[in-house]
Amino acid sequence: MLGLVPALCTLVVVIVASVTVTSFTARRNTTRDIDAQAAIVGESISAALAFRDEDSARTTLRQLEARPNIDAVCVFDAGGGLFASYVLPGRTCGSTLAENGLTAKEVVVARPVNAGGRQLGTVVIAGNLSLFYQWIRIQAFIFIGALIAGTALALALTQLMQRAISKPVLDLATTADHLTTRRDYSLRAMKTTDDEVGRLAQSFNAMLDEIEHQNDALTVEIAERKRAEYLKDQFLAAVSHELRTPLNAILGWLQILKTTEGGPERLARALESIERNARSQTRVIEDLLDVSRMTTGKLQVRMSVVDLCAIVTSAIESARPMITAKFIHLELDVPQEPCLISGDGDRLQQVASNLLSNAVKFTPADGSVTVALSTVGPDYVLSVSDTGVGISREFLPFVFDRFRQADGSMTRQYGGLGLGLAIVKEVTALHNGTVTAKSPGEGHGSTFTVRLPQLMVASQPAPFGPATTLRAGAQPLSGIRILVVDDDVDGLEIVKTVLSASGADVRTVPSGREAIAAWTDRPSDALLCDLAMPDMDGFQVLSLVRDLDAGSGHRTAAIALTAFATDEYRERCRSAGFDAQVGKPFDTYELTVAILATLARVQPGRSQALVGRPVNEEAL
Amino acid sequence: MRAIVLTALYAVSLAVSPRPSLEYEVKAAFVLNFITFTEWPATAFESPASPLRICLVGPDPFDGLLATTVQGESVAGHALVIEHAEHGSFRGCHVVFVPGATATASDLEQVASIAPVLTIGESDNLWRAGAAIRLTLDGGKVRFDINQHAAAVRGLRFSPRLLTVARQVK
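The structure displayed is predicted, hence computed values, not measured ones. (Residues numbered from 1 in each chain as written. Chains lettered and ligands numbered in written order. Predicted model: local features only at pLDDT ≥ 70, side-chain atom pairs only at ≥ 80, totals over all residues. Heavy atoms only, no water.)

Engineer: Just to check I follow, could you spell out the overall build of chain A for this structure?
Structural biologist: Across its full length, chain A holds 16 helices and 17 strands. Looking at the 620 residues of chain A, the share that counts as buried comes to 41%. Just so you have it, chain A exposes about 33,300 Å², and 59% of that area is on carbon and sulfur atoms. (Helix = DSSP H or I, 4+ residues; strand = E, 2+ residues; numbered from the N terminus. Buried < 20%, exposed > 50% of the residue type's maximum accessible area, 1.4 Å probe, protein only. Areas by Shrake-Rupley, 256 points an atom, 1.4 Å probe, with all protein chains shown as cover.)

Written out as structure tokens, the structure is:
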């Protein structure tokens, strides 16, 4: 509405100017017209005036009666006397002679009457302006009418435009207001037109779609992150618990041993408990490392030809004490003949052990566990079934996920980190195999099935596996000279004790320099060397030993002892010339096997003497 | 046919004159008017400023009044002068006034000639001989007749306004 005011002002100014110009022009034209009339009258009446022919004069003047704009025509003779006139009623010629010009009502024009260069008299005409005023009035009416009509039209147009533009814009604004107040991003603006406003509404809605979409995605992400946080907390609690529990036992027994005197029987019990707990903790750490490697995609397998049947049997034998202790009935269907596959023996044993220990863990006393190994098409199929707690339908899809257990309470009830199945899945996948879980439901047991491709080769060399190499016997390392180098005196002592018990001739030195001195004095068959040492590290020691070897023709079996069990480190050891690598803390069994295997490899001449040596875990 | 009515103003002015008659006073004014409403060809004058000669033939019936009337007047830039002319001798005249019935045979001969002279007469025989204007009394009023053809052959032209107030136009 206010927008019309300037336009109206402009119109009014234009109208006033127009009327003024028209008025001026019309007055001038009227004056000219009257002047022309006077000239004509003067000319026509000249002879009548000269000869004073009043009849003729009257006839001439009568012609002017038809002119409505003439008030008076007065003809004066040369002496100034009135000769003839035509006047409207109420008008006289008395005053007109003196007038000549424009008043509000009349235009008065005086013109001389000439003939032959003589002035015979004067004609004076008074023309009224009523016609002119009438014309001005009409024009003013037209203008005012146009103004009113224009204003009405403008208002109508404004209304229409408001409907076409303002209303959709206002609707848009209302929607935006609702959005900001209610934060309901499912609201949408109405698209009523196809013009710019319509496009605006469309873009607005597109933006809302995007916001809603992002909102949803954000909500999901937040929920996932919360879930992940929760799982992480749960997992950390479990890790803490799993690490602390065996430590409690170890420290408890150590405390007892330091403070009290006891017979050999008690000592044996203490040592057995400490060892079991230490192994348990090692296993937890190994699992954690494996999961860490899985996360970074660095879990690797060292492929060789292995006997899956032997590996499964070995895993069963390892678990047997646990099974027996829990009074679980074990059913076996594992063939005795070799079933060869390409794989990592240690990792495959880990798979079998994890499945088996899970089955035992979740099966109550008097339940049963069935382990079967069969051939299905090109694959070996290992299935481990139990009559245990089973898996709920909801949790089944997540059973192989890392850090995931049915619930937190399960960890506390059954122990463990819940990493075993995740490792199983990863290792199986690395062997181009699959693992599946089935369960009829909670309380109805579960079955885990691993499929691994068979090695399809006509004849195979006898596989080298711990289970087949180390048989019963007490002194597998007898007669073997071993030099152990480690700046950690405690570790040194443990190694010496363990290896001496296996019959080895062990020398220990706490530094690289002393190692070289000892070696120069008398070489050994094998070198067990820590890597991180203060003055001279393991790599330097090996380098010098290799130099000494080169002079004597002796070939030392070099084994790195390191706490850094990463693949990069393994590779570094290999390129530095180490024949094998054993992680700390080490397993005496693993260490013994590593020494024997390395010697067999690097000193083939001695291998015949070594093969068949009895190795018994219990004896270590 | 129009009657010429003398105004009171004229009557007053005539009343103060000792002589001549009221008739010739009016006729003197008429003569001036005739000259006023007539155009001569430019060749009729030696120069645009040459005087326009009015010749009175015979005795002056105006008794000097015509001279008074035209005194100081000029028409189309020509000063008006009064001259006396002998009968039959109109040479050098632009207007010839032949009063009453005094026209002689030689006057008539002159009138019939086609010299650019405006001949004004009062007698019928002069009118018949080809005078351009005849002054006459009609019902006690001075009137005039116009011979348009006579004027035209002499190279003279009457204003159309003059024709509207003449008694008779031929």
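Text resumes after the structure shown.
Engineer: Can you help me understand the interface of chain A and chain B in this one?
Structural biologist: Interface extent is often summarised as the accessible area lost during association of the parts. Listed by partner, the interface residues are 15 residues for chain A and 20 residues for chain B. The junction of chain A with chain B conceals about 1,600 Å² of combined surface from both sides, 57% of it contributed by carbon and sulfur atoms. Looking at the side of chain A facing chain B, the largest losses of area belong to Phe51, Arg52 and Arg118 of chain A, adding up to 46% of the total buried there. For the salt bridge of Glu43 of chain A with Arg161 of chain B, the shortest nitrogen-to-oxygen distance reads 3.0 Å. Across the chain A-chain B interface, the total number found is 5 residue pairs in polar contact (both at pLDDT 80 or more). Where the side of chain A that touches chain B is concerned, the elements lending two or more residues are helix H1 (4-50), helix H2 (54-62) and strand S5 (118-128) of chain A. No other element matches H1 of chain A, which puts 6 residues into the side of chain A that touches chain B. (Contact = heavy atoms within 4.5 Å. Buried area = accessible area lost by both parts, 1.4 Å probe. Salt bridge = Lys/Arg side-chain N within 4 Å of Asp/Glu carboxyl O. Polar contact = N/O pair within 3.5 Å; in protein donor to acceptor, adjacent residues only side chain to side chain.)

Engineer: Just checking my understanding: could you explain the sheet that holds strand S3 (residues 74-75) of chain B for this structure?
Structural biologist: The strands making up a sheet associate through hydrogen bonds between their backbones, and the pairing can be parallel or antiparallel. All names here are of chain B. The strand order across the open sheet formed by 8 strands is S3-S4-S2-S5-S6-S7-S8-S10, and the pairing between neighbours is mixed. Since the sheet does not close on itself, it has two edges, and those belong to S3 and strand S10 (168-169), each with one partner. Its contacts with the sheet place helix H2 (residues 22-36) against strand S2 (52-57), S3, strand S4 (78-85), strand S5 (95-98), strand S6 (118-121), strand S7 (133-138) and strand S8 (141-146), and it is angled at close to 30 degrees to S8. (Pairing = 2+ DSSP bridges. Axes fitted to C-alpha atoms, helices over the stretch in contact; angles between N-to-C directions.)

Engineer: I tried to follow the confidence of the model for chain B on my own but got confused; where do I start?
Structural biologist: Regions with low pLDDT carry predicted coordinates that are not meant to be interpreted in detail. Residues and elements named next belong to chain B. The predicted model of chain B averages 81 in pLDDT, with 88% of residues at 70 or higher. Mean pLDDT in chain B bottoms out at helix H1 (residues 8-16), which sits at 40, and peaks at strand S1 (residues 38-39), which reaches 92. Two summary scores accompany this predicted model of the complex, namely pTM at 0.42 and ipTM at 0.82. (pLDDT = per-residue confidence, 0-100.)

Engineer: Could you clarify how one ought to interpret a nonpolar patch on the surface in this entry?
Structural biologist: A contiguous nonpolar surface patch, about 550 Å² in accessible area, is contributed by Leu153, Leu157, Leu160, Met161, Ile165 and Val169 of chain A. By the element assignment, Met161 of chain A lies in helix H3 (residues 130-182). (Patch = residues over 30% accessible without salt bridge, like charges linked within 9 Å, V, L, I, M, F, W, Y side chains within 5 Å.)

Engineer: I'm lost on the pattern of salt bridges in this one. Help?
Structural biologist: Any two side chains of opposite charge can pair, on the condition that their charged atoms come close. Tallying each qualifying case throughout the model produces 31 salt bridges over all chains. Where Glu275 of chain A meets Arg279 of chain A, a salt bridge forms, and the shortest distance between an N and an O atom there is 2.6 Å. You can see Glu275 of chain A and its partner Arg279 of chain A sitting in helix H5 (residues 264-295), 4 residues apart, about one turn around the helix. The residue Arg513 of chain A makes a salt bridge to Asp535 of chain A at a minimum N-O spacing of 3.3 Å. With Arg513 of chain A in helix H12 (residues 512-521) and Asp535 of chain A in the loop between strand S15 (526-530) and helix H13 (538-552), the pair connects residues that are 22 residues apart, well separated along the chain. A network of salt bridges, in which partner residues are shared, links Asp124, Arg134, Asp138, Arg143, Asp145 and Arg167 of chain B.

Engineer: Looking at this model, I keep getting lost on the packing of aromatic side chains. Mind explaining?
Structural biologist: When we look at a pair of aromatic rings, we describe it by the centre distance and by the angle of the planes. Taken as a whole and judged by the stated rule, the model has 11 aromatic pairs over all chains. Pairing Phe51 of chain A with Phe144 of chain B gives two aromatic rings, centres 5.1 Å apart and planes at 35 degrees, and the pair type is tilted. Highlighted residues: Phe51 of chain A in the loop between H1 and H2 and Phe144 of chain B in strand S8, drawn from two different chains. Ring geometry for Phe62 of chain B against Phe97 of chain B: centres 4.9 Å apart, planes inclined by 55 degrees, an arrangement best described as tilted. Of this pair, Phe62 of chain B sits in the loop between S2 and helix H3 (65-70) while Phe97 of chain B sits in strand S5, and the two are 35 residues apart along the sequence. With relative accessibility at 0%, the residue Phe62 of chain B sits in the buried group. (Phe/Tyr/Trp six-rings, centres within 6.5 Å; stacked < 30°, edge-to-face > 60°.)

Engineer: When you look at the nonpolar core in this model, what are you seeing that I'm missing?
Structural biologist: When a protein is soluble and globular, its nonpolar side chains tend to lie buried together. The biggest cluster of nonpolar side chains holds 66 residues, and the ones touching the most others in it are Phe34, Leu118 and Phe144 of chain B. No other element matches H1 of chain A, which puts 9 residues into this core. Among all residues touching Phe144 of chain B, those that are not within four sequence positions of it are Phe51 of chain A together with Phe30, Phe34, Ile133, Arg134, Leu135, Leu162, Val165, Ala166, Arg167 and Gln168 of chain B. Membership of the second largest hydrophobic core comes to 48 residues, among which are Val239, Cys309, Ile311 and Val369 of chain A. (Core = buried A, V, L, I, M, F, W, Y, C linked by side-chain atoms within 4.5 Å.)

Engineer: Explanation requested: the sheet that holds strand S14 (residues 505-509) of chain A in the structure shown.
Structural biologist: All names here are of chain A. The 5 strands are arranged S14-S13-S15-S16-S17 in an open sheet whose pairing can be described as parallel. Two strands lie at the open edges of the sheet, namely S14 and strand S17 (580-583), each paired on one side alone. This sheet shows a mean twist of 20 degrees between the axes of neighbouring strands, independent of strand direction. Pairing of strand S13 (residues 481-485) with S15 involves 4 bridges; the strand directions are parallel. The residue of S15 that forms the bridge with Leu483 is Leu527. H13 contacts S15 and strand S16 (557-562) of the sheet and is inclined by roughly 155 degrees relative to S15. Helix H15 (residues 588-602) contacts S13, S15, S16 and S17 of the sheet and is inclined by roughly 150 degrees relative to S16.

Engineer: Could you clarify how one ought to interpret H3 of chain A in this entry?
Structural biologist: Residue and element names in this part refer to chain A. Taking 1.5 Å per residue, 53 residues should reach 78 Å; H3 reaches 72 Å between its end C-alpha atoms and fits that length. For H3, the principal kink sits at Gln162 and spans about 45 degrees. Within H3, the full set of buried residues consists of Phe132, Ile136, Gln139, Leu147, Thr151, Pro168, Leu172, Thr175 and Leu179. (Expected span 1.5 Å × (residues − 1). Bend = angle between axes of the 7 residues up to and from the residue.)

Engineer: Got a minute to help me understand unusual backbone geometry in this structure?
Structural biologist: A negative phi angle characterises most non-glycine residues, just as the trans form characterises most peptide bonds. At Arg52 of chain A, a residue that is not glycine, the phi angle is positive and equals roughly 55 degrees. Looking at the secondary structure, you find Arg52 of chain A in the loop between H1 and H2. Positive phi, normally seen in glycine, also occurs at Asp63 of chain B, with a value near 55 degrees. With respect to the secondary-structure elements, Asp63 of chain B resides in the loop between S2 and H3.

Engineer: Sorry, what's going on with the packing of helix H6 (residues 308-325) of chain A against helix H7 (residues 345-361) of chain A here?
Structural biologist: Two numbers describe a pair of packed helices, the interaxial angle and the distance between the axes. Residue and element names in this part refer to chain A. Their axes nearest at 9 Å, the elements H6 and H7 cross at an angle of 40 degrees. H7 is crossed by H6, and the crossing has right-handed handedness. Side by side, H6 and H7 meet where Leu308, Ile311, Ser314, Ala315, Ile316, Ser318, Ala319, Met322 and Ile323 of the first sit next to Gly345, Leu348, Gln349, Ala352, Ser353, Leu356, Ser357 and Val360 of the second. Within the contact of H6 with H7, the residues separate by chemical class into 11 nonpolar, 6 polar and no charged. (Left-handed = near helix turned anticlockwise from the far one by under 90°. Nonpolar A, V, L, I, M, F, W, Y, C, P; charged D, E, K, R; others polar.)

Engineer: What should I look at first to understand the state of the cysteines in this one?
Structural biologist: Here, disulfide denotes a covalent bond that connects the sulfur atoms of two cysteines. Residue and element names in this part refer to chain A. Throughout the structure, instances matching the rule amount to 2 disulfides over all chains. Covalent S-S linkage joins Cys309 and Cys339, the inter-sulfur distance amounting to 1.5 Å. Every disulfide takes its handedness from the sign of the S-S torsion; for Cys309 and Cys339 that torsion is 135 degrees, giving right-handed. Separated by 30 residues along the polypeptide, Cys309 in helix H6 and Cys339 in the loop between strand S7 (329-333) and strand S8 (340-343) bring together distant segments of the chain. (Disulfide = S-S within 2.5 Å.)

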